[in-house]
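Residue-level listing of the chains:
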Amino acid sequence: MRFKIPYIPIRNKYSPFIGGKFINAGPDAQFISVHNPADGQKITEVLTACPSDVADAIHIAQKAFEEGLWSKASTQHRSLTLSRLARLLESRVDEIASLESLQTGRAIREMKAQLRRLPEWDYYAALLRTHTAFVAPTQGKLLNYVNRVPLGVVAQITPFNHPLLIAVKKIAPALAMGNSVLLKPSEMAPLSVLEFAQMAFDAGVPSGVLQVLTGDGPTTGMDIVSDPRVKKVDITAGTNTGREIGRIVGANLGNYTAELGGKAPVVIFNDADLQSAINGTPNKIPRSSAFAAFIASGQTCVSGTRLIVQSKVYETFMAGFLTKTQKITRRIGNPLNPLSSMGTVISARALSRIQAMVTNRSSGITLLGGERMTGLSSLDEHDLSQGYFYPPTVIEDVSVDDDVWQEEIFGPVVVVKRFEEESDGVQLANASRYALGASLWTKNLSRAHRVANEIEAGVVWINSHHRNDPSSPWGGMKESGIGRENGVEAFERYSQSKSIIVNYATENEIHEKEDWFAEDSNERKRYG
């Protein structure tokens, strides 16, 4: 069944957003083409920020910070501005969702559902109005209060898989605290972030306080993070990239937050509600193992890529999971089709990497999928061979030493193993160098809490997967990163503490007890 493709407003060309405007291209300008992963067609061109653009943007950001129009504005003013921005974004969700789907190849139903959540990150506008200073229990007649002050110019590097979601998660606490933000989106999917920068300016965020620099990571990204004026770097990227940038930031004595790779386990116990674990809950909250595995075509750092199923329910679970997977595969079509179940991967390179990892593995049996999708979609006759479509793929009995178990595939590929005892399931769950997200499914309350504490992950879901809230800390352990997004923790990591100590002793007390070098006193005095 064919469908009508919606009109999506797109600029003929995009450019870096610096100093409150999209800059003009110079005589030696270089552009990056942005393509639709669903058909390979060019969407638009984006001007690459050259080194002088990066330097200008950092200078403008520093100047804006020092002038204090935003950094020294009242918390009420910043809060009201961020709330206004949230409402503006809310009014454009459908338009931006279509743009996101077009540039990422993700299903439009996913993008609309995801972007409808983004205005909730005005949580930080509320936090601004309610966050209180800390008073330290200092000895003596001293009042020691601790304020949080902004860092200055901060840099953020975001990926292609959730272009605006991850950007907003980073931007919101940084702006709330009063910093000047430089953001470099993925060169493969920068359009929605660029539009958001204009929205922020229109909502009242001053010129130079939120700027977007376009280009690739090895050049533009490195130019940004290498500048010593940048006081914090916050990235979402692969682990190797995280290490490389971390070395640079460390040399500059900067602050660093990094959400890196993941290989999330989904542990199904014998007493799990299998209907919920496979299909989602009856109230249609789709946080099942299928959702965990195949949302965003498996291109998330918390994708449930390792299904670990207890032996007594293994056959029943697998029968239901494979049936669900087949249904998802049959409904893959044009990502802009509201009925399409799953989209593409981001690029031809990503497609080749996924195929190579599946083909070259040293163990396991492919139960479903395993080959690039071609031909016409049975859903809407979209030509799948023109895009980067890879089917949901299920591989059974993979060795824990195999790359498809250990490495992040970043595609719709899951590996499955069975286990006997609870301790075996925990051991398999922890058999990875990554530790970002994990989920477990059980009706046993005691087991749920016990196993959640034993699993090595920064976020553990019980009878659900991939829940995300602006108030809930988000980040990894082991090689999945350092620091946290979301919540009070992220808010405070975009600031530094400033301790102010007030001596409220009387003048006589000060004269009598605090003359350290008094010649006629043997009185024992306090040091510090």
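Up top you'll find the structure we're talking about.
The following refers to the structure shown. In this text the structure is predicted, and so the values were computed from the model without any measurement.

What follows concerns the overall build of the protein chain. From N to C terminus, the protein chain includes 18 helices and 23 strands. Projecting the C-alpha coordinates of the protein chain onto the three principal axes gives extents of approximately 95 × 65 × 40 Å. In the protein chain, which comprises 528 residues, the proportion classed as buried is 56%. Accessible surface computed for the protein chain: about 22900 Å², of which carbon and sulfur atoms make up 51%. Charged side chains in the protein chain number 56 positive and 56 negative. The centres of these two groups are separated by 5 Å.

Attention shifts here to the nonpolar core. Leu 115, Tyr 124, Leu 164, Leu 175 and Phe 196 are the most contacted members of the largest nonpolar core, which has 56 residues in total. Per-element tally for this core: the top contributor is helix H6 (residues 163-176), with 9 residues. For Leu 175, the contacting residues outside a window of four places in its chain are Trp 70, Arg 78, Leu 82, Val 181, Val 205 and Val 209.

The next subject is the packing of aromatic side chains. For the coordinates displayed, the defined rule picks out 10 aromatic pairs. Between Phe 17 and Phe 22 the ring centres are 5.1 Å apart and the planes differ by 75°, which places this aromatic pair in the edge-to-face class. Comparing Phe 17 with Phe 22, the two get one shared label, buried. Geometrically, the ring pair formed by Phe 294 and Phe 321 is stacked, given 6.0 Å between the ring centres and 25° between the ring planes. Of this pair, Phe 294 sits in helix H11 (residues 289-294) while Phe 321 is found in helix H12 (residues 311-330), placing the two residues 27 residues apart along the sequence. Accessibility classification places Phe 294 together with Phe 321 in one group, the buried group. An aromatic cluster of at least three residues, connected via ring pairs, comprises Tyr 14, Phe 17, Phe 22 and Phe 201. Lying across the ring of Tyr 314, Arg 418 places its NZ or CZ 3.9 Å from the centre. Here Arg 447 stacks its cationic end above the ring of Phe 269, 5.0 Å away from the centre of that ring.

Right, let's talk about the environment of Leu 118 for a bit. Relative to the assigned elements, Leu 118 resides in the loop between helix H4 (108-115) and helix H5 (123-130). C-alpha of Leu 118 to C-alpha of Asp 401: the two residues are 283 residues apart in sequence and 38 Å apart in space. Here Leu 118 is in contact with Leu 89, Leu 164, Leu 165 and Val 168, once residues within four sequence places are set aside.

Now for the sheet that holds strand E23 (residues 495-503). Spatial strand order, E6-E7-E23: 3 strands in an open sheet with antiparallel pairing. Looking at strand neighbours, the two that pair on one side only are strand E6 (134-136) and E23, the edges of this open sheet. Strand-to-strand, the axes of this sheet are offset by a mean angle of 30°, without reference to chain direction. Pairing geometry for E6 and strand E7 (residues 142-150), over 3 bridges, is antiparallel. Its bridge partner lying in E7, Phe 134 is registered against Val 146.

Across the interface, helix H2 (residues 75-91) lies against helix H7 (residues 191-203) with an axial gap of 9 Å and an inter-helix angle of 130°. When the axes of H2 and H7 are compared, the pair comes out oblique. Where H2 crosses over H7, the handedness of that crossing is right-handed. Along its contact with H2, which presents Thr 81, Arg 84, Leu 85, Leu 88 and Leu 89, the element H7 presents Phe 196, Met 199, Ala 200, Asp 202 and Ala 203. Residue classes in the contact of H2 with H7 are distributed as 7 nonpolar, 1 polar and 2 charged.

Quick look at empty space enclosed by the protein now. Under the counting rule described, the total for this entry stands at 7 cavities of 30 Å³ or more. Within this model, the largest cavity holds a volume of roughly 150 Å³. Where the lining of the largest cavity is concerned, the elements lending two or more residues are H2 and H6. Grouping the amino acids of the lining of the largest cavity by side-chain chemistry returns 12 nonpolar, no polar and 1 charged.

Another aspect to go through is helix H16 (residues 445-454). Taken as a whole, H16 has its buried residues at Arg 447, Ala 448, Val 451 and Ala 452. The arc enclosing the buried residues of H16, seen along the axis, measures out at 125°, which places them on a common side. Residues Leu 445 and Asn 453 are exposed on H16 and point more than 90 degrees away from its buried face. Of the residues flanking the start of H16, the one acting as N-cap is Asn 444, its side-chain oxygen 3.0 Å from the backbone nitrogen of Ser 446.

Volume-wise, the largest pocket comes out at about 1300 Å³. In terms of lining residues, the largest pocket is bounded by 38 residues, among which Phe 160, Met 188, Ala 237, Gly 238 and Thr 241 are the most central. Going through the elements one at a time, helix H8 (217-225), helix H9 (239-251) and helix H13 (348-359) are the ones with two or more residues in the lining of the largest pocket. Element by element, the count of residues in the lining of the largest pocket is highest for H9, at 5 residues. Here the residues of the lining of the largest pocket are counted per class, giving 16 nonpolar, 13 polar and 9 charged.

Conventions adopted
- Residue indices follow the written sequence of each chain, beginning from 1 at its first position.
- Since the coordinates come from a predicted model, pLDDT governs what is reported: local features require at least 70, and pairs of side-chain atoms require 80 or more to be given and counted, while whole-chain, interface and lining totals use all residues.
- Hydrogens and waters are ignored; side-chain quantities use all the structure's heavy atoms.
- Each helix corresponds to a stretch of at least 4 residues labelled H or I by DSSP, and each strand to a stretch of at least 2 residues labelled E; elements are numbered beginning at the N terminus.
- Buried means the residue's accessible area, taken with a 1.4 Å probe over protein chains only, is under 20% of the maximum for its type, while exposed means over 50%, and partly exposed covers the values in between.
- Surface accessibility follows the Shrake-Rupley procedure with a 1.4 Å probe radius. Residue values consider only the protein chains on display as shielding.
- Positive charges are assigned to Lys and Arg, negative charges to Asp and Glu, while His and the chain termini are left out of the count.
- For the purpose of locating charges, the reference atoms are NZ of Lys, CZ of Arg, CG of Asp and CD of Glu.
- Only buried Ala, Val, Leu, Ile, Met, Phe, Trp, Tyr and Cys residues count toward a nonpolar core, and they belong to the same one when joined by side-chain atoms within 4.5 Å.
- Contact criterion: two residues are considered in contact whenever any of their non-hydrogen atoms come within 4.5 Å of each other.
- For Phe, Tyr and Trp, where Trp contributes only its six-membered ring, two rings pair if their centres lie within 6.5 Å, and the inter-plane angle classes them as stacked under 30 degrees, edge-to-face over 60, or tilted in between.
- The criterion is that NZ of a Lys, or CZ of an Arg, lies within 6 Å of the ring centre and within 35 degrees of the ring normal, and then a charge sits over that ring.
- Here, strands pair whenever DSSP counts at least two bridges between them.
- Interaxial angles span 0 to 180 degrees and are taken between N-to-C directions of axes, which are lines fitted to C-alpha atoms, for helices over the stretch in contact.
- Note on terminology: angles under 35 degrees are roughly parallel, angles over 145 are roughly antiparallel, angles of 65 to 115 are roughly perpendicular, and the others are oblique.
- Should the near helix be turned anticlockwise from the far one by less than a right angle, the crossing is termed left-handed; should it be turned clockwise, right-handed.
- Polarity classes work like this: nonpolar for Ala, Val, Leu, Ile, Met, Phe, Trp, Tyr, Cys and Pro, charged for Asp, Glu, Lys and Arg, and polar for all others, with Gly in that last group.
- With a 1 Å grid laid over protein atoms only, a set of points is called a cavity when a 1.4 Å probe fits there but cannot get out and a pocket when it is open yet has protein on both sides within 12 Å along at least five of seven lines; lining residues have an atom within 4 Å of a point.
- Grid points are joined across faces, edges and corners, and a volume is the space filled by probe spheres set on the points.
- The arc under discussion is defined with respect to the helix axis, by the directions toward the C-beta atoms.
- In the analysis that follows, any N or O atom pair within 3.5 Å is treated as a polar contact, provided that within protein one partner can donate a hydrogen and the other can accept it, and provided that, for residues neighboring in sequence, both atoms belong to side chains.

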